[in-house]
Every structure is written in C-alpha cells, then in structure tokens.
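Each chain, written out:
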Amino acid sequence: MSAMNECMALGSPPTNPERRSRNANLLPTFAEEDDILADGTFVRKGTRVTYHPYAMGRMERVWGSDCLEYKPDRWLKNGIYIPENPYKYPVFQAGPRVCLGKEMALVEMKCVVLAIIGRFNIRVATDPNQAPRFAPGLTATVRGGLPILVQEREAN
Ligand code: HEM
C-alpha cells in the first residue's frame, strides 16, 4: 500500500479534477456566489475552482523537504501502514465526491503488481540522465511514452 500510494502521490493519475467552492459542493464547477475558502482565500462569484493532486503530491509545504523523493516509508509509522488524510492526498478526491472505485482500483493494482513482478524484471529503457517529462491531460502521462525493458525472470 505504501509503495502504491507513494507512486501515486508523485505521479497522480488524475492531474486536476475540477472542484467547486465550499458553497457549491457538487455542481456547478464555478462558484455560485462570493466565497472564502478554508485557508482564507477569497473566491469571487463565477470563479472556476480546481485542485491539482499532481502538484500537491510534489509540494514541499504539503510533504516536507523530501517531497520529490520516492519514500514509501513515509506512509509507515512504526512499520504499520497509516492512511493519509485524503485532503492532503487527494488522488482519489475527498469528501462527498470521493472516488467510488478507490478500493477496487487498489485491489486491481495489487493483483497486477503481484502477478507481474514475480515473473518479470522491468526496467525503464530511457536515458538515465534524462528525467521523464510529465504530459498534462485528464490523466497524467509521460511525454513521448515511457519505454520499458521486460525480461522474464529465471525460474528457481
Ligand atoms: C487509480 C485509479 C483511480 C483513480 C486515481 C481515481 C480517481 C478518481 C477521482 C479523483 C475522482 C473524483 C473526480 C471529481 O473530482 O469529481 C473519482 C471519481 C469516481 N471514480 Fe475513480 N479513480 C480510480 C479508479 C476508479 C475505478 C476502478 C472505478 C470503478 C470501478 C472508479 C469509479 C469512480 C466513480 C463512480 C467516481 C464518481 C464519484 C462521484 O462523483 O460521486 N474509479 N475517481
């Protein structure tokens, strides 16, 4: 769980789902009236409000000075997995519009990871000196794709 969450914190699959102001919890996407967000930000009527889980997963203010490092252990306390506040880790959204398929998606990911890493060695096949470039969209992708090398593990 901690490894999967750490991957999705650094590379959130949804990049910026649309969100509305406090007074318009469901639809529409635009503030229905002047509003003040929980952090004191003033939102004028008609303003489009969004949040950006990809950016939030890489913010020092949210995750600390090691925010860009892959550190699954940050999800563990004394070796035990502790789920993060969904408003801090909104990859599946939070509150009344939280993803209804979250648990299913996590089970699917665990099944795929278990089925693949037991049988194959997988390595990124791009230039190690060139970091993959994020391509914004409805869901996050890597610009130009992410070539990988897959090798069947030798049977023991
Ligand atoms: C890694 C996989 C997934 C991620 C990261 C994800 C993320 C999200 C996010 C961010 C939202 C909120 C969108 C908004 O702002 O309104 C959402 C909504 C939703 N998701 Fe997922 N999702 C995933 C997989 C799934 C799966 C597998 C299902 C179904 C089996 C599913 C069903 C839904 C539904 C029905 C909603 C709408 C909830 C509502 O508006 O009341 N999702 N998801």
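Reading the values: the criteria
Residues numbered from 1 in each chain as written. Predicted model: local features only at pLDDT ≥ 70, side-chain atom pairs only at ≥ 80, totals over all residues. Helix = DSSP H or I, 4+ residues; strand = E, 2+ residues; numbered from the N terminus. Buried ≥ 20, exposed ≤ 12 C-beta atoms within 10 Å, placed from the backbone. Contact = placed C-beta atoms within 7 Å. Pairing = 2+ DSSP bridges. Core = buried A, V, L, I, M, F, W, Y, C linked by C-beta atoms within 7 Å.

J.: Please clarify how the overall build of the protein should be interpreted in this entry.
T.: Each helix and strand in the protein was counted, giving four helices and eight strands. Tracing the protein from N to C terminus, the helices and strands come up as α-β-β-α-α-β-β-α-β-β-β-β. Within the protein, buried positions represent 10% of all 156 residues. Counting contacts in the protein only where the partners sit at least 6 residues apart, residues at least 24 apart contribute 54% of the total.

J.: How do you make sense of the environment of M59 when you look at a structure like this?
T.: Mapped onto the fold, M59 is located in the loop between α2 (53-56) and α3 (60-63). Given 13 C-beta atoms within 10 Å, M59 falls into the partly exposed group. Taking the C-alpha atoms as reference points, M59 and L10, separated by 49 residues in sequence, lie 9.7 Å from one another.

J.: Sorry if this is basic, but what is going on with the pairing of strand β8 (residues 148-152) here?
T.: As a general feature of sheets, a regular strand has side chains that alternate between the two faces. Along β8, only zero of the five residues are buried, which leaves the element largely exposed. Here strand β5 (residues 120-124) pairs with β8 via five bridges, running antiparallel. Bridged to R123 within β8 is L149.

J.: Please clarify how the nonpolar core should be interpreted in this entry.
T.: M8, A9, Y89, V91 and F92 form the largest nonpolar core, which has five residues in total. Residues within four places of V91 in sequence aside, it is in contact with M8, A9, S12, P13 and P53.

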